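# Close look at the chain arrangement
Each chain, written out:
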Amino acid sequence: MIDLNHRSGFVYGRAADAPPPLGARINALLDDALVAERAGQRPRDYLGASRIGEPCARRLVYEFRKTPVDPGKDFEGRTLRIFEAGHVFEDLAIRWLRLAGFDLRTQTREGGQFGFETAGGRIRGHVDGVIVDGPALGLTWPVLWEHKALKASSWNDTAKKGVQVSKPVYYGQLQIYMAYMGLGSALFTALNKDSCELYHEHVLFDPATAQELSDKAVAVLRAADAGELLPRIATNPDFYLCRFCPFSARCWGEPRPGNAPVERFSGERPEARA
Ligand code: SF4
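Residues numbered from 1 in each chain as written. Predicted model: local features only at pLDDT ≥ 70, side-chain atom pairs only at ≥ 80, totals over all residues. Heavy atoms only, no water.

In the annotation of an unreviewed UniProt entry, the protein is listed under the name PD-(D/E)XK endonuclease-like domain-containing protein and assigned to Rhodovulum iodosum.

Next up on the list: the packing of helix 2 (residues 57–64) against helix 7 (residues 207–225). Helix 7 packs onto helix 2 with a crossing angle of 55° between their chain directions and a minimal axis gap of 9 Å. Relative to helix 7, helix 2 is oriented oblique. As helix 2 packs across helix 7, the resulting crossing turns out to be right-handed. Residue-level inspection shows Ala57, Leu60, Val61 and Phe64 of helix 2 in contact with helix 7, the latter providing Lys216, Val220, Leu221, Ala223 and Ala224. A breakdown of the residues in the contact of helix 2 with helix 7 according to their chemical character gives 8 nonpolar, no polar and 1 charged. (Axes fitted to C-alpha atoms, helices over the stretch in contact; angles between N-to-C directions. Helix = DSSP H or I, 4+ residues; strand = E, 2+ residues; numbered from the N terminus. Parallel < 35°, antiparallel > 145°, perpendicular 65-115°, else oblique. Left-handed = near helix turned anticlockwise from the far one by under 90°. Contact = heavy atoms within 4.5 Å. Nonpolar A, V, L, I, M, F, W, Y, C, P; charged D, E, K, R; others polar.)

This part covers the packing of aromatic side chains. On inspection of all chains with the given rule, the structure shows 7 aromatic pairs. An angle of 80° between the planes, with centres 6.2 Å apart, marks the rings of phenylalanine 102 and tryptophan 141 as edge-to-face. Separated by 39 residues along the polypeptide, phenylalanine 102 in the loop between helix 3 (77–99) and strand 2 (103–105) and tryptophan 141 in the loop between strand 5 (129–133) and strand 6 (143–150) bring together distant segments of the chain. Plain terms: the ring middles of phenylalanine 116 and tyrosine 180 are 5.0 Å apart, the flat faces sit at 15° to each other, and that makes the pair stacked. Residue phenylalanine 116 is found in strand 3 (residues 115–118), and its partner tyrosine 180 is found in helix 6 (residues 168–181); the two are separated by 64 residues along the sequence. Judged by its relative accessible area of 32%, tyrosine 180 is partly exposed. Clustering of aromatic rings is evident, with ring pairs tying together Phe116, Tyr177 and Tyr180. (Phe/Tyr/Trp six-rings, centres within 6.5 Å; stacked < 30°, edge-to-face > 60°. Buried < 20%, exposed > 50% of the residue type's maximum accessible area, 1.4 Å probe, protein only.)

Quick look at the site of the ligand now. Looking at the ligand, the residues that line it are Cys56, Arg59, Tyr62, Arg232, Ile233, Cys242, Cys245, Ser248, Cys251 and Trp252. For the shell around the ligand, the secondary-structure elements that each account for two or more residues are helix 2 and helix 9 (248–253). With 3 residues, the top contributor of residues to the shell around the ligand is helix 9. (Near = heavy atom within 4 Å.)

Okay, helix 7 next. In a regular helix each residue adds 1.5 Å, so 19 residues correspond to 27 Å; helix 7 covers 27 Å between its end C-alpha atoms and thus fits that length. Turning to helix 7, its buried residues number three or more, namely Thr209, Ala210, Leu213, Ser214, Lys216, Ala217, Ala219, Val220, Leu221, Ala223 and Ala224. Buried positions along helix 7 lie against strand 1 (47–48), helix 2, strand 4 (123–126) and helix 6. Just downstream of helix 7 lies glycine 227, where phi reads positive at about 70°. (Expected span 1.5 Å × (residues − 1).)

With 87% of its residues at a pLDDT of 70 or more, the protein has an overall mean of 88. Segment residues 257–274: pLDDT under 50, and 42 contacts once partners within four positions in sequence are set aside and those in other chains are kept. (pLDDT = per-residue confidence, 0-100.)

A few words on helix 6. Its 14 residues place the ends of helix 6 20 Å apart at the C-alpha level, agreeing with the 20 Å of an ideal helix rising 1.5 Å per residue. Along helix 6, the positions that sit buried rather than exposed are Tyr171, Gly172, Gln173, Leu174, Gln175, Ile176, Tyr177 and Met178. Looking at the residues trailing helix 6, positive phi occurs at glycine 182, about 65°.

Next up on the list: a nonpolar patch on the surface. A surface patch of nonpolar side chains, about 280 Å² in accessible area, is lined by Leu22, Ile26 and Leu30. Structurally, isoleucine 26 can be placed in helix 1 (residues 22–39). Residue class for isoleucine 26 comes out partly exposed when judged on its relative accessible area of 40%. (Patch = residues over 30% accessible without salt bridge, like charges linked within 9 Å, V, L, I, M, F, W, Y side chains within 5 Å. Areas by Shrake-Rupley, 256 points an atom, 1.4 Å probe, with all protein chains shown as cover. Salt bridge = Lys/Arg side-chain N within 4 Å of Asp/Glu carboxyl O.)

This next bit is on the pairing of strand 7 (residues 185–192). With respect to burial, strand 7 is a largely interior element, 8 of its 8 residues being buried. Burial of strand 7 is two-sided: the residues Ser185, Leu187, Thr189 and Leu191 facing one way and the residues Ala186, Phe188, Ala190 and Asn192 facing the other way are all buried. Note that strand 6 and strand 7 share 7 bridges and pair parallel. The partner of leucine 150 across the bridge, within strand 7, is asparagine 192. Here strand 7 runs beside strand 8 (residues 198–204); their pairing, made up of 7 bridges, is antiparallel. If you follow serine 185 over to strand 8, its bridge partner there is leucine 204. In textbook terms, the turn of a hairpin is the stretch between consecutive antiparallel strands, and for strand 7 and strand 8 this stretch comprises 5 residues, one of which, cysteine 196, has a positive phi near 65°. (Pairing = 2+ DSSP bridges.)

Now for the nonpolar core. Leu47, Ile52, Leu144, Leu174 and Val220 are the most contacted members of the largest nonpolar core, which has 40 residues in total. Broken down by secondary-structure element, the contributors of at least two residues to this core are helix 2, strand 6, helix 6, strand 7, strand 8 and helix 7. A total of 7 residues in this core trace back to one element, the largest contributor, which is helix 7. Look past the residues within four positions of leucine 47 in its chain and what remains in contact with it is Ile52, Leu60, Phe64, Arg122, Ile123, Arg124, Ala217, Val220 and Leu221. Core analysis: the second largest hydrophobic core is formed by 11 residues, Ala93, Phe102, Ile131 and Leu187 among them. (Core = buried A, V, L, I, M, F, W, Y, C linked by side-chain atoms within 4.5 Å.)

So this is what it looks like as structure tokens:
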């Protein structure tokens, strides 16, 4: 008779010298593969228009110059999985909108992504799509379409406050895209990754905001060309944006001038500053 409860050496739980659990080892393999795949990709040699809404222009200079991030601040495999899952959610949202009668175009006739470039190709943007026709909702077609898949707390905040207040970087992205695509409005769609609830917001083109963002992009390119940094967005590294910035240690250790907060390129309310 077998006795499964008293096998020699069998323990419930894990001995101290046992290898990590199977799941952890598999995840490590997946993460390593994703990180290696990303490392093999050609880095951007342009300023992505989706980043121009970033409140700190100094951070954009670091990004554009491909400055190495602080140790331990590289994207992990889990973050890369989140990015990729976002594309899958976007494909679903595209399918659902088309099913409901929206003529949503996501590719040019040649099969490429819709997009634009300016400043001799040094600023480029790729849009999720353009809706050229659809149900009678009082919208004037065509409209830019942008999609984001958000975790529940982030989605709830966006649905409550609207994209301009809740997600100023995305709002800036919409404005820059509308400016360069010659579109008068955008439909911003946010998907709640927990519940698959959808939030849609019609955003009008705001020329003043687009101009300010365009000016910021030019300032970033000029600073990068000159080997200069733009002023920090805050006066101490405890500012919330700096705490989450992958260049924080480098930035606050830089023996360079330009530590004063900068009003012109700030995306947040002055009272939010440190
Ligand atoms: S640490 Fe702060 S000031 Fe420096 S680049 Fe990052 S966000 Fe800007």
